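# Coordinate analysis (summary)
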Amino acid sequence: MKARKVKEGIDWMGAVDWDRRLFDSLIPLPDGTSYNAYLIQGSEKTVLVDTVDPSMVDVLLFQLESVPNIDYVIAHHAEQDHSGSLPHVLEKYKNARVLTTPKGKGMLVDHLLIPEERFITVDDGETLSLGDKTLEFIYTPWVHWPETMVTYLREDQILFTCDFFGSHLATTDLYVTDEGRVYEAAKRYYAEIMMPFRKIIQKNLEKIQDLEIDLIAPSHGPIYDRPAFIIDAYRDWVSEIPRNVVVLPYISMHGSTAKMVEYLVSALAEKGVTVHQFDLAVTDIGKLAITLVDAATIVIGTPTVHVGPHPNVFYAAYLANALRPKLKFASIIGSYGWSSKAIEQIAGLIPNLQVEILEPVLCKGFPREADFKALDNLAATIAEKHKEHNLT
Ligand code: FEO
């Protein structure tokens, strides 16, 4: 892909990675991703905003062939999908200096072995004149590492945000054209890497709320020419109030737990509670993360394997605990053959979830009348709890 004009003196650069399917060897990317960089040419100085994943450095270097000089490279974030090509860019532009936070400098020295003398660290709120354009650096930690910042280009009212507001989406569209599609991709991204830092992101949103923003230019996914769309979405995601939603990740080996899940989902639906059910044997774990953004309750369904929960349930519970969603309630349902410590073991896996545990339902073998009654009670309790909290 060639460079593309955003505004006078501002070009999109970067690479679209259509076929990448996994990030950090963990996060599914069903729609690929992009690594956006931006070239800002002021009347006196030229700046490159972020770089690209090192696997696609050739694409960026091709785009830079006609750029004779770069004075500064902004490194908003030290993770390699944005910084990994920095050594190549610094090799090509021998006088260029890297603008980053003090923490960013430390990380880039550690991860990429860039010499310390190539850096200029910037303070929160510091400005830099490029002649006819002015950059303002704003610290926005934990989007998604502790060193992250964003840059506001005052004259053009563009906010460059790197991971913040980004979406893992491979597309030829420079700007958002399908808000529904981008909403899901951006929510997946928020859920997988930013949700644990919800309270800090609330503060980051406050820091940018008074800026006049014409465009939000992230380093993943298309540019937002209607910034309110993604800012409002983030405000909703980081709010403290969950929805009238149950997430039900489960696994079943011989059908007993599956029968209980089917029964409970039906009982909850009858009471007006929205349920998202995920069979952990086949589900996209990113979909599970997306639904955890809004859910008030998680019910984990598991059979018993060697006295404990199924290993896939261990993984899902560990992940939910790490992502720290705004859940208020949790419960466990499942079955066993002769004995089980699944409830105690799952409860021990979710200390970060400050939830009220609702009476679990564990049955021996295939569920019978008493078990279905217990599931009815669980459904009624969940619906009542949601109603008490006025969840919609
Ligand atoms: Fe897109 Fe945290 O890197």
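Scroll up to find the structure.
A brief look at the structure comes next.

Scoring rules and cut-offs
Residues numbered from 1 in each chain as written. Predicted model: local features only at pLDDT ≥ 70, side-chain atom pairs only at ≥ 80, totals over all residues. Heavy atoms only, no water. Pairing = 2+ DSSP bridges. Helix = DSSP H or I, 4+ residues; strand = E, 2+ residues; numbered from the N terminus. Axes fitted to C-alpha atoms, helices over the stretch in contact; angles between N-to-C directions. Left-handed = near helix turned anticlockwise from the far one by under 90°. Contact = heavy atoms within 4.5 Å. Nonpolar A, V, L, I, M, F, W, Y, C, P; charged D, E, K, R; others polar.

Now for the sheet that holds strand β12 (residues 149–153). On the basis of which strands lie adjacent, the open sheet formed by five strands has the order β10-β11-β12-β13-β14 and mixed pairing. What marks the edges here is a single partner per strand, and that holds for β10 (127–129) and β14 (215–218). Ignoring strand direction, the axes of neighbouring strands in this sheet form an average angle of 20°. Two strands pair when backbone bridges link them, and strand β13 (residues 158–162) and β14 are joined in this way by four bridges, in the parallel orientation.

A word on the sheet that holds strand β2 (residues 10–17). Sheet strands associate in pairs through backbone hydrogen bonding, adopting either a parallel or an antiparallel arrangement. One open sheet accounts for seven strands, arranged β1-β2-β5-β6-β7-β8-β9; its pairing is mixed. Sheet topology places β1 (4–7) and β9 (119–121) at the edges, where each strand pairs with a single neighbour. Adjacent strand axes in the sheet meet at a mean angle of 25°, parallel and antiparallel pairs treated alike. Sheet topology note: the strand β7 (residues 72–74)/strand β8 (residues 97–100) ladder contains three bridges and is parallel. Note that in β8 the partner of Ile 74 across the bridge is Leu 99.

Close contact between helix α6 (residues 198–208) and helix α7 (residues 227–238) brings their axes to 9 Å; oriented N to C, the two are set at 145°. Two packed elements cross with a definite hand, and for α6 against α7 that hand is left-handed. Residues Arg 198, Ile 201, Gln 202 and Leu 205 of α6 touch α7, and the partners they reach there are Tyr 234, Arg 235, Trp 237 and Val 238. Looking at the contact of α6 with α7, its residues break down into five nonpolar, one polar and two charged.

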